Each structure stands twice: as structure tokens, then as C-alpha cells.
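# Breakdown of the fold
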Amino acid sequence: MAMRMSSLFLRTLRENPADAEVPSHQLLVRAGYIRRVSPGIYTWLPLGLRVLRRVEAVVRAEMDAIGSQELLFPALLPREPYEASGRWDEYGENVFRLKDRKDADYLLGPTHEEMFTLAVKDLYSSYKDLPLSIYQIQTKYRDEARPRAGLLRGREFVMKDSYSFDLDEAGLDKSYQLHRDAYVRIFDRLGFHYVIVQAMAGAMGGSKSEEFLATAENGEDTYVRCPHCGYAANVEAVQVPVPDPLDATGVPAAHAEDTPDTPTIDTLVAHLEAAFPRADGRSWTAADTLKNVVVMLVHPDGTREPLAIGVPGDREVDEKRLGAQVEPASVEAFEEKDFARYPTLAKGYIGPGALGLAQSSGIRYLLDPRVVDGTVWVTGADESGKHVLDLVAGRDFTADGTIEAAEVRDGDACPSCGHGLESARGIEMGHIFQLGTKYAEALDLKVLDEHGKLRTVIMGSYGVGVSRAVACVAEGNHDELGLVWPRELAPADVHLVATGKDDEVFRYGEELTRALEAEGLEVLFDDRRQASPGVKFKDAELIGVPTIVVVGRGLAEGRIEVKDRRSGERREVAVADAVREVLAEVGRA
């Protein structure tokens, strides 16, 4: 049954919504695919729902092809399984929690690892039942602090999540590769450019982890790549190459010097250059200084723990990299009230002398991996207006460990080959993890092996952002006029536009619509009598169906127009050949 725009539940807009900043958000609202309900929550209108279902069909087909079986869990979930895994607390404020009339705790599912694990535990008990792969396409909920970018960062969204269950690591490796290959086919079919990068497992837990990122200038994720060896990683997962220790035998003893009014790296470098010229003749730089940043970690149970991070002064602490390292804790700024509780910290002049679990502050102190033994630094002397020069790592100070929290910059050494890295931005579309036994152990998922002994099942987790994919495809498939859908995802095969007021135009439009439908095509027919040709053409460009057929003045001479939305190429075809020509245009000849 063709969709007729005279009755279709659709309103297009000529102006961008005030809250829409990225192209996908602007165009999906303007073209009548989605409507905002509240921040991060959207209604799928008929055209949008068609595209969403087509994305689901692609995902479902490729999951079925690797032997994964579909099921569906509820979105309303009890507290107990998440408490057993520790994630009731770990998720903190990021989940929607509620109580029933009996005061029992529930949540709206952000992910379903616990449910999958318990389902397998309930039904399977033998190694003969494995390997197993099961999946669902489900609505998820996360209480995003700052929903933004339309479907790209919402509070309610559709995901495909699948899980593999194996008896050993070799089985997990095979299941992981099957899913990875399926994801390549999925994203190839969805029609946007993407990269596969190393990633952090995050709150999901696990070891090996990769993300599929759609390349996009306005993407939220920064990743780096090496053009020399092909290494690619989410910036949060980049591991800094650790330099060899240096010989600091000839370095003088550390000495504190007056450095008034130098609470920042820039003011310190300027003062060093003026008051303490270097013996080797070169200028001081920020890289010669050691910056010590103190933050406050807030753990899921509410415990607050200060943490100090030492990084070279020419680097900033990257909030995302730091956050990934300290999960499930969250990171807050170290405020004036916190300084008051730790009087040994001199704001603007904090040094290693006061930092560390064994030092006066008792604050855990972690260093950037580049701060190796023998490196020489200028850093705070723990006294206002003073810094220490010739401070040698390993000789004059140590830390409680290292942390990958400093920003990653273009030109940094590739961890794989040593050549310079390049940065780019992307949108996370898929994430695959080797979970190992984290959830199986927490929920006691075991099976009997061939010797009759209980073995803990090894799991993998594999997610695709289904509703996000709609926005992501829109981000990569639009022009100044509107959306340009890939054919496999478009809401219709053909957008047929009848123009003018001649009854014969509309009569033939109906006839052609029925003939195309009889050939298996889905048609969006603009049969509106009151809309002008200009409005209809603008709507057709905005909606973005890949083939546009125009029935208008040329009909009197036995011609109609066929236009390719992506290239803009148009051609006239004879009415007698219309069906055959349109079928050829859409690849159905």
C-alpha cells in the first residue's frame, strides 16, 4: 500500500529547530522522521519508523547469518541481578530507578548482561549446550546528564545487544571473530564510512575490546590512527610508549627557589627563563615542568577520594581518558573546601613532596608513564611562591603508580611502530567485548564439562546502536537540500511527485504508483492537490528517497522525469517505458 502524502502523518519544516545543532538532528526533524518529546526522548513518525525498521532488518539478517538466536527481555528489571554483579551501585546516577507499590526496587535496563547470563543459567547446564549466541533488539534507557545531538545521545534508544557463551578462551576467540565479521558486513550495508579501533571496556568489564566508529567531524569520540602501520584506537585506550630510564648522575641536588606569582605553567616558564637560564643554552619550555593536578573521585557508594595526577607541564589531563581509567568512579573538581581539608597542598604550587599515600597529604599519587626514573623536572615546592628545580624522578620522588590520563596529541609516537599519530573524530556505532567470566562468576553460571566437573562459562558482549545508526547514516548522507538515504534504508523505493492541477496528471500518478507496487516497489506518492510544485520538489529533496519520479507538464507529450537524488542527474522517459525505466533505476530490472 503506497504512502500518500495527502494523508500521511507528516509535516515538514523549512527552518532548523532551535535545539538542533548537528545535521542529522536538524534534517530528521525537518523532514518529518522524528519529533522531540523531551530532552533525549523522541517519537518515531511513520517515515522514521520505516528507516528504523530497515536498520533493524540489516542487523537481524547478519546476526541470524552467524547462527545467533533472537529473544527479547523486558526493559523493566529487578534490582537483585544488578546488585549481584555490582552494577546497581556502579551505574550511579546513569540509570532510571523506580519502586513498585510494594517498595521493591527496579530499573529501566541500560544493558542486559545480567539477564542474558541468568537466562542461560536457567536453561543450560552442560558443555554440550555450548557454544551459544543469543541477541535482542531492545529499547534501552540511560539517564544522560546532557542529552544532545538528537538520536546520537539520547535517554531512550534502541540497541542490538548479543552475547556469546563458550567453554574456553579458544571458543570465545571464535565467537568474537564471528561477531566482528558480522559487524563489518552490517556497517558496510548501512552505508557510512567507519573505522575499527581499540577501546576501553568501561563499566561492562572484560578484556579485549574494539569500537566501530563512524567517521564524522562532529563526532563525540576522538580516536587516533597511525598512517604508517594502521594502528587505530579510541583516545581513551591509547597507551603511551614508556621511555627508557635516564642516567641522572650529573644532575645537581634538587633545590627550592623563589618563584613569586607563578601559579600557572606559562607564568612559571616565563619566570624560569628570566631568573634561571639553563646551563645547556636552550630555552625553558612547559615540557620541563611537572604539573600536579588534584581531582576528587566519587565512588558508586558515595565515598569521596582525592587523587593526584602528575603530567608533563605541556600536557593537559584529558577528562575522558581519566574517566575511563577510574571507572566506575566519577570525577569531580577539587574545590576550595577540599583544599581546606588538606592544608599541606599549596594551590598552584603542589609538588610530589606532599603527594602519595605515604606522604603528608595521604593522597594517592599517579604519574604519567613518561615520567620515568632519571627524568628531571621543575615542579611545585608545596609552598606558595616556590618551585623545586632539578627534581629527579626515582631519586627525589616516587609515586603510587602510573595512569594514562594525559591528552594525546597529533604527532605523538604510535604505541605499535613509533611513527606519528593523527587524530580524528567519530561516532560510536558498535562495541564488542571479550567479557571473560565477570558476569558468569557473579551470577554463578557454570556447566559440567566432559569430565563431569563444573566450569565457569566465558562470555562475550556485542552491541550495535540501532536508533543511533539512523542518525549516523543521516550524518553521512545529506547535502544542502536535505537527506540522501542509501537505497537499502530509504523509507520508500520511489518518491513519485504529481505536479500541477491537471486531473490527468494525478490519474496517471495513481496508475503508475499501482504499477510500481505490482512490481514490488514501495512508493511515496505526493498526491497533494493544494501544494505547489515548488513545495513538493523541496519536500522530495528534504525527505531524501533515492529515486524521484516527476509526473507533470511533460505528460501531455508522453514523458515523465526520473531523477537520482544523490547525483542530481535527471532524464526524461517515455510513459510507455516508465515502469521498466524506474525498475532499472532502482536496480530491480
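Notes on the structure follow. (Residues numbered from 1 in each chain as written. Predicted model: local features only at pLDDT ≥ 70, side-chain atom pairs only at ≥ 80, totals over all residues. Heavy atoms only, no water.)

## A closer look at the pattern of salt bridges
Within this structure, the stated rule accounts for 59 salt bridges. Salt-bridge contacts for glutamate 510 lead to arginine 4; the nearest nitrogen and oxygen are separated by 2.6 Å. Within this pair, whereas glutamate 510 is found in helix H12 (residues 503–518), its partner arginine 4 is found in strand E1 (residues 3–4), the two being separated by 506 residues in sequence. Of the residues examined, glutamate 510 reaches a relative accessible area of 22% and is grouped as partly exposed. Residues participating in the shared-partner salt-bridge network are Arg79, Glu83, Lys99, Asp103 and Asp105. (Salt bridge = Lys/Arg side-chain N within 4 Å of Asp/Glu carboxyl O. Helix = DSSP H or I, 4+ residues; strand = E, 2+ residues; numbered from the N terminus. Buried < 20%, exposed > 50% of the residue type's maximum accessible area, 1.4 Å probe, protein only.)

## Here we look at unusual backbone geometry
The amide bond that connects leucine 130 to the next residue, proline 131, takes the cis arrangement and shows omega of 5°. Positionally, proline 131 belongs in the loop between helix H5 (113–123) and strand E8 (132–141). Following glutamate 327, the chain continues into proline 328 via a peptide bond in cis, with omega recorded as 10°. At aspartate 382, a residue that is not glycine, the phi angle is positive and equals roughly 65°. By secondary structure assignment, the location of aspartate 382 is in the loop between strand E19 (376–380) and strand E20 (386–392). Taking the relative accessible area as the measure of exposure, aspartate 382 reaches 22% and is therefore partly exposed.

## Points about helix H13 (residues 533–543)
Restricting attention to buried positions, one finds in H13 the residues Lys536, Asp539, Ala540, Glu541, Leu542 and Ile543. Once H13 finishes, glycine 544 follows within two positions and takes phi at roughly 85°, a positive value.

## So, the sheet that holds strand E29 (residues 559–564)
In space, the six strands of this open sheet follow the order E1-E27-E26-E28-E29-E30, with mixed pairing throughout. Lying at the two open borders of the sheet, with one neighbouring strand each, are E1 and strand E30 (570–574). Packed onto the sheet, H13 meets strand E26 (494–498), strand E27 (523–526), strand E28 (547–551) and E29 and runs at close to 175° relative to E26. (Pairing = 2+ DSSP bridges. Contact = heavy atoms within 4.5 Å. Axes fitted to C-alpha atoms, helices over the stretch in contact; angles between N-to-C directions.)

## So, the packing of aromatic side chains
Summed over the entire model, instances satisfying the criterion amount to 12 aromatic pairs. Between tyrosine 33 and tryptophan 485 the ring centres are 5.5 Å apart and the planes differ by 55°, which places this aromatic pair in the tilted class. Separated by 452 residues along the polypeptide, tyrosine 33 in the loop between helix H1 (23–30) and strand E2 (34–38) and tryptophan 485 in the loop between helix H11 (466–476) and E26 bring together distant segments of the chain. For the residue pair tyrosine 33 and tryptophan 485, the accessibility class agrees, reading buried in each case. Through successive ring pairs, a cluster of aromatic residues spans Tyr183, Phe187, Phe192, Tyr194 and Phe212. Here the guanidinium or amino end of arginine 97 rests over the ring plane of tryptophan 88, the centre of that ring lying 4.6 Å away. In this arrangement the basic side chain of arginine 529 is found over the ring face of phenylalanine 506, its NZ or CZ atom lying 4.1 Å from the centre. (Phe/Tyr/Trp six-rings, centres within 6.5 Å; stacked < 30°, edge-to-face > 60°. Lys NZ or Arg CZ within 6 Å of the ring centre and 35° of its normal.)

## What about the pairing of E30?
Note on strand geometry: in a regular strand, side chains alternate between the two faces of the sheet. As paired elements, E29 and E30 share five bridges and run antiparallel to each other. What sits directly across from lysine 563, in E30, is arginine 570. Turn length for the E29-E30 hairpin, with the two strands adjacent in sequence and antiparallel, is five residues, and the turn residue glycine 568 shows positive phi of about 85°.

## Examining the environment of threonine 264
Tracing the backbone shows threonine 264 in the loop between strand E14 (255–258) and helix H7 (265–275). Since its relative accessible area comes to 40%, threonine 264 is described here as partly exposed. C-alpha separation for the pair threonine 264 and lysine 291, spaced 27 residues apart in sequence, amounts to 9.2 Å.

## Observations regarding the side chain of threonine 513
Locating threonine 513 in the fold gives a position in helix H12. We classify threonine 513 as buried; its relative accessible area is 0%. Only 2.8 Å separates the side chain of threonine 513 from the backbone oxygen of glycine 509, close enough to count as a polar contact. Sequence-distant contacts of threonine 513, defined by excluding residues within four places in its chain, comprise Ala2, Arg4, Leu496, Val523 and Phe525. (Polar contact = N/O pair within 3.5 Å; in protein donor to acceptor, adjacent residues only side chain to side chain.)

## Side note on the environment of phenylalanine 537
Within the secondary structure, phenylalanine 537 sits in helix H13. Assessed through its relative accessible area of 35%, phenylalanine 537 is described here as partly exposed. It is 71 Å that separates the C-alpha atoms of phenylalanine 537 and glycine 394, two residues lying 143 residues apart in sequence. Residues in contact with phenylalanine 537, not counting those within four places in the same chain, are Val497, Thr499 and Val550.

## Focus: the pairing of strand E22 (residues 422–436)
Within E22, 11 of the 15 residues are buried, leaving the element largely enclosed by the surrounding structure. Across seven bridges, the pairing between strand E11 (residues 209–215) and E22 is antiparallel. Residue pairing in the sheet places phenylalanine 212 in a bridge with glycine 430 of E22. Bridge analysis of strand E12 (residues 221–225) against E22 gives five bridges, and the strand direction is antiparallel. When the bridges of E22 are listed, aspartate 221 appears paired with glycine 426. Where E22 and strand E25 (residues 458–465) come together, five bridges link them in antiparallel fashion. Note on E25: the bridge partner recorded for glycine 430 is valine 464.

## Quick look at the packing of helix H2 (residues 46–65) against helix H6 (residues 169–190)
At a minimum axis distance of 9 Å, the contact between H2 and H6 shows a crossing angle of 150°. It follows that H2 is roughly antiparallel to H6 by the angle criterion. Seen from above, H2 lies across H6 with right-handed handedness. Within the contact between the two elements, H2 uses Val55, Val58, Val59, Ala61, Glu62 and Met63 and H6 uses His179, Ala182, Tyr183, Arg185, Ile186, Arg189 and Leu190. Classifying every residue of the contact of H2 with H6 by side-chain character gives nine nonpolar, one polar and three charged. (Parallel < 35°, antiparallel > 145°, perpendicular 65-115°, else oblique. Left-handed = near helix turned anticlockwise from the far one by under 90°. Nonpolar A, V, L, I, M, F, W, Y, C, P; charged D, E, K, R; others polar.)

## Quick word on the sheet that holds E20
On the basis of which strands lie adjacent, the open sheet formed by three strands has the order E14-E20-E19 and antiparallel pairing. Because the sheet does not close on itself, it has two edges, and the strands there are E14 and E19. In this sheet, adjacent strand axes meet at a mean angle of 25° when their direction is disregarded. Two elements, E14 and E20, share four bridges in a ladder whose sense is antiparallel. The residue bridging alanine 256 from the neighbouring strand is valine 388, located in E20.

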